Amino acid sequence: MSEHLRFGVWAPVYGTWASFHHPEEPVDASWDRTSALIRDAERLGYETALIAQHLINPFGEQHDQLETWTATAALAALTERIELIAAVKPYLHHPVVLAKQAAQIEEISRGRFGINLVNAWYKPELERAGIGFAEHDQRYAYGAEWLHVVRGLLAGQRVDFRGEHFRVEDYRLRPIGTHRPRPAIYVGGESEPARQLAAAQADTWFLNGQPLDDVRALVDDGAARPRGGDPLRFALSAFVIARETDAEAQEVLQHQWELAERDKATWEGLVADADPKAVMFRTFARNPHIGTNGGTAAGLVGSYDTVAKRILEFRELGIGTLMLQFQPFEAEQRRFAAEVIPRYRELAGEDVST
Ligand SMILES: Cc1cc2nc3c(=O)[nH]c(=O)nc-3n(C[C@H](O)[C@H](O)[C@H](O)COP(=O)(O)O)c2cc1C
């Protein structure tokens, strides 16, 4: 586990992480917004940012969608300290090309880059491109080979690989390892093959937001799996609603639920386009929430003290990174940095001043 808990933010690649009708947050997936938001996050002390990947906005093709890899490269040039994690769906990129791009962003960022391997759930994007949408476990088998190649290349190895999906011969990339041995590797997903892949090849397993006991069970499962090298680390996604009092936060949550009513058809459309075998959608159905990827199901809703205490509970069960969503994003990420992070650091006895 890292020495202190790291706070991060989800770049607003869809234009919003919650309501499409919030009075104080126009839907905006533009580069201008993301670059300003991430630079602000860095100034506020957030240590990492996740740039999710979709080519078509899964909430509806009429909505804008930020492109992950080009945006992350530009963010790498515009920031100095914050880690930048780009999501990648293996079927969209040949592993040799992707490894080269990842190595370049690692150079531009001077050792602040990570990839988050995600094995896809949104069918139309791949189907309409003619790539096809393979069956759930097949996608993981493909992803495991893909990551094996990418990981080897990023570690500076000469890669010779013959698998079911890829044949790579005598391949080596340069420059590699200028700033550290290789970029960070994350895997997001909850199914059995996702767990195997995370334990076998990732540094960090990315979890969807969910109640404490469910997160504990996932962390215990991940930690018990055999693997080589350093212990597996854990990151958790969550949507935050923090206010002076618990009652005020609950009122805001209630308002978000009212707003969510207006997006009901949009969400139903998204679920209809999703792989029914994607395990994370079952988790979402069990835990109604605001936000994506579990959102408020992680329980970061309440007074500043309540939220800080809940974060400490996650920390104590092994979460090393919290990746956060807010609405309206810019104002709430500022509030969280001012009100919750200092309370959490105090509670946890974490000194991050040096
Ligand atoms: C933190 C996190 C981030 C994710 N980001 C993306 C993403 O950017 N694009 C995407 O298609 N899926 C994303 N996913 C979804 C995973 O790909 C998803 O869990 C998978 O498609 C379904 O696999 P499963 O059955 O193993 O849960 C993310 C998942 C997590 C936990």
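Structural data are supplied above this passage.
In what follows, the accompanying structure is described. (Residues numbered from 1 in each chain as written. Predicted model: local features only at pLDDT ≥ 70, side-chain atom pairs only at ≥ 80, totals over all residues. Heavy atoms only, no water.)

1. Examining the pairing of strand E5 (residues 159-162)
Within a regular strand, side chains alternate between the sheet's two faces. A one-sided burial pattern is seen for E5, the buried positions being Val-159 and Phe-161 and the unburied ones Asp-160 and Arg-162. The turn joining E5 and strand E6 (residues 167-171), which pair antiparallel and follow one another in sequence, is formed by 4 residues. (Buried < 20%, exposed > 50% of the residue type's maximum accessible area, 1.4 Å probe, protein only. Helix = DSSP H or I, 4+ residues; strand = E, 2+ residues; numbered from the N terminus. Pairing = 2+ DSSP bridges.)

2. Brief notes about the pattern of salt bridges
Tallied over the full model, the rule gives 24 salt bridges. Connected through salt bridges with shared partners, the residues Glu-47, Arg-315, Arg-345 and Glu-350 form a single ionic network. (Salt bridge = Lys/Arg side-chain N within 4 Å of Asp/Glu carboxyl O.)

3. What to know about the site of the ligand
Near the ligand you find 26 residues, and of these Gln-53, His-136, Tyr-140, Ser-191 and Val-279 are the closest. Taking Lys-89, its side chain carries an N or O atom lying 3.3 Å from an oxygen atom of the ligand. One nitrogen or oxygen atom from the main chain of Glu-190 is found 3.0 Å from an oxygen atom belonging to the ligand. The set of elements that each furnish at least two residues to the shell around the ligand consists of strand E4 (113-118), helix H5 (136-154), strand E8 (204-207) and helix H10 (279-286). (Near = heavy atom within 4 Å. Polar contact = N/O pair within 3.5 Å; in protein donor to acceptor, adjacent residues only side chain to side chain.)

4. Topic: the side chain of Ser-237
Among the structural elements, Ser-237 can be located in strand E9 (residues 233-239). Among the polar contacts listed, one links the side chain of Ser-237 to the side chain of Trp-10, at a separation of 3.2 Å. Apart from the residues lying within four places of it in its own chain, the contact partners of Ser-237 are Trp-10, Leu-207, Asn-208, Gly-209, Thr-292, Asn-293, Ala-298 and Met-323. (Contact = heavy atoms within 4.5 Å.)

5. Regarding the packing of aromatic side chains
Counted under the stated rule, the structure contains 18 aromatic pairs. Here the aromatic rings of Phe-59 and Trp-267 are separated by 5.0 Å at their centres, their planes lie at 80 degrees, and the arrangement is edge-to-face. With Phe-59 in the loop between strand E2 (48-51) and helix H2 (68-78) and Trp-267 in helix H9 (residues 264-272), the pair connects residues that are 208 residues apart, well separated along the chain. The exposure class of Trp-267 is partly exposed, given its relative accessible area of 28%. Look at Phe-326 and Phe-336: their rings are 5.6 Å apart centre to centre, the planes differ by 55 degrees, and that puts the pair in the tilted class. Here Phe-326 is found in the loop between strand E12 (319-325) and helix H12 (329-348), whereas its partner Phe-336 is found in helix H12, with 10 residues between them in sequence. Just as Phe-326 is buried, Phe-336 falls in that class too. (Phe/Tyr/Trp six-rings, centres within 6.5 Å; stacked < 30°, edge-to-face > 60°.)

6. A look at the sheet that holds E2
Pairing is parallel in the closed barrel, where 8 strands are placed in the order E1-E2-E3-E4-E7-E8-E9-E12. Taken pair by pair, the neighbouring strands of this sheet meet at an average axis angle of 25 degrees, ignoring direction. Strand direction decides the pairing type here: strand E1 (residues 6-10) and E12, joined by 4 bridges, are parallel. Residue pairing for E12: Phe-7 is matched across the bridge by Leu-322. Across the sheet, helix H11 (residues 304-316) is in contact with E1, E9 and E12; its angle to E12 comes to roughly 140 degrees. (Axes fitted to C-alpha atoms, helices over the stretch in contact; angles between N-to-C directions.)

7. Things to note about the nonpolar core
Ranked by size, the top nonpolar core spans 105 residues in total, and within it Phe-7, Tyr-46, Ile-115, Trp-146, Ile-311, Ile-319 and Phe-336 carry the most contacts. With 8 residues, H5 is the single largest residue contributor to this core. Leave out the neighbours within four places in its chain, and Ile-311 touches Leu-5, Phe-7, Leu-300, Leu-322, Phe-336, Val-340 and Tyr-344. With 8 residues, the next largest nonpolar core counts Ala-18, Phe-239, Ile-290 and Val-301 among its residues. (Core = buried A, V, L, I, M, F, W, Y, C linked by side-chain atoms within 4.5 Å.)

8. Focus on the packing of helix H3 (residues 95-108) against H5
Taken N-terminus to C-terminus, the directions of H3 and H5 make an angle of 40 degrees; their axes are 9 Å apart at the nearest point. With respect to each other, H3 and H5 are oriented oblique. Read as a crossing pair, H3 and H5 show a hand that is right-handed. Touching Pro-95, Val-96, Leu-98, Ala-99, Ala-102 and Ala-103 of H3 are Trp-146, Val-149, Val-150, Leu-153 and Leu-154, all from H5. Considered class by class, the residues forming the contact of H3 with H5 number 11 nonpolar, no polar and no charged. (Parallel < 35°, antiparallel > 145°, perpendicular 65-115°, else oblique. Left-handed = near helix turned anticlockwise from the far one by under 90°. Nonpolar A, V, L, I, M, F, W, Y, C, P; charged D, E, K, R; others polar.)

9. Some points on H10
The complete set of buried residues in H10 reads Met-280, Phe-281, Thr-283 and Phe-284. End-on view of H10: buried residues confined to an arc of 155 degrees, all on one side of the axis. More than 90 degrees from the buried face of H10, the exposed residues found are Ala-285 and Arg-286. (Arc of directions from axis to C-beta.)

10. Describing helix H7 (residues 212-224)
Given a rise of 1.5 Å per residue, 13 residues ought to cover 18 Å, and the 18 Å separating the end C-alpha atoms of H7 matches this to within 8%. Listing the buried residues of H7 in full gives Leu-212, Val-215, Leu-218, Val-219 and Gly-222. For H7, the buried positions fall inside an angular range of 125 degrees around the axis, keeping them on one side. Seen from the buried face of H7, the exposed residues on the opposite side, beyond 90 degrees, are Asp-213 and Ala-224. (Expected span 1.5 Å × (residues − 1).)

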